[in-house]
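# Close look at the chain arrangement
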Amino acid sequence: MQPARFVPGPPVPQPERGIFSLGELTSETVRRLARRACDFYDDPDAGGRPLHGRTVGVLFTRTSTRTRTAFTAGAIKLGGAPVTFGPDDLQTNTGESLEDTGRVLGSMLDLLVARTAGPIRELRTLSASGGIPVVNAMATEEHPTQGICDLATISLVRGGLEGVSVLYVGEGNNTAAALAQGLSHVPGCRVTFATPPGYGLPAQVLEEAAERAAEYGAEVAETHSPDELPDRVDFVYTTRWQTTGTSKGDAHWREVFRPFHVDEALMNRWPDAWFLHDLPAHRGDEVAAGVLDGERSVAWIQARMKLTSAMAALEWAAGTA
């Protein structure tokens, strides 16, 4: 009698694996990912081809320029074979459950990168059902791979992360959440979120990040007044006011956001500060053209580092780092 070649019934759910939130990773892992992204920036071949023979799913149900390109190109550069899915490509659109989708993807893929603009729990379901690592390429609550990119950019430009002072100006969105969670792991850093009233960081994110920061002699703080800003700032960071998958309930929200516009006058308060933006940008809304395209803008280096941070995330999630 030959041994069974298959096991009937659906696969047994496995413990979820991957990158879902920077708040869930150890401080050493977060800083290591940022360092690794800098390694890849200096030498794109620094990791060799650790994904050789592996298939990487790249699922994007929302628009994306930088993140989707970064993960697709990053998988190729690391030797992997990407399989890309757009918003209308999977049977979830016709009612198939995430559990069933995860089971099938897990039987064919070695790793999944997903941007759904839905809750993180959906990505956890895909990972557990499929038994494969999942990288959160943006969910409603957090954009952790953007956070890795941001920390790596700061480290590259400044020469290190410890003791950095960052001012974030704008909505407390998923990019801001990732920045708070990421910088809370950095000894001696200070990050201040200047957010419009009613559009701040979620209370739980702010509390978690502030508690972790205190362990490292760092500080995570929030203000709703553009007049209450720190004396020392190394980086000023803003994001697009109307971000992917979100909408504002207040018809007059632009009037609330206008005082949080980053222009030359604001930047001149800190003559040595660099400017960050995760892009895409709307010149004239969240940032003046002269700032985004000015000599102190490192937003374009930051955009380039989307690729190297994606490579660092893929390498780590695949267990090859």
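Residues numbered from 1 in each chain as written. Predicted model: local features only at pLDDT ≥ 70, side-chain atom pairs only at ≥ 80, totals over all residues. Heavy atoms only, no water.

### Some details on the pairing of strand 2 (residues 55-60)
Keep this limit in mind: Exposure is judged per residue with a 1.4 Å probe applied to protein chains only, and the accessible area is read against the type maximum: over 50% gives exposed, under 20% gives buried, and values in between give partly exposed. By definition, any uninterrupted DSSP run of H or I lasting at least four residues is a helix, any uninterrupted run of E lasting at least two residues is a strand, and each is numbered from the N terminus. One bridge is not enough; two strands pair if DSSP finds at least two bridges between them. A right-handed crossover is one whose linking path, passing over the helix from the first strand to the second, runs clockwise when the strands point away from the viewer.
The buried fraction of strand 2 is high, at five of six residues. Where strand 2 meets strand 3 (residues 81-85), five bridges bridge the pair, whose relative direction is parallel. Looking at the pairing, glycine 57 lines up with valine 83 of strand 3. Of the crossover connections in this fold, the one passing from strand 2 over helix 2 (residues 66-77) to the parallel strand 3 is right-handed. Sheet topology places strand 2 next to strand 4 (residues 111-115); five bridges connect them, and they run parallel. Pairing of phenylalanine 60 across the sheet is with arginine 115, part of strand 4.

### Quick notes on the sheet that holds strand 9 (residues 235-238)
Stated precisely, the cut-off is as follows: Between N-to-C directions, angles span 0 to 180 degrees; the directions come from axes that are lines fitted to C-alpha atoms, helices contributing only their stretch in contact.
Within the open sheet, the five strands sit side by side as 8-7-6-9-10. Their pairing is parallel. Every interior strand has two partners, whereas the edge strands, strand 8 (219-223) and strand 10 (274-277), have only one. Sheet twist, expressed as the average angle between the axes of neighbouring strands with direction ignored, equals 20°. Across four bridges, the pairing between strand 9 and strand 10 is parallel.

On their own, these measurements won't tell you what the molecule is for.
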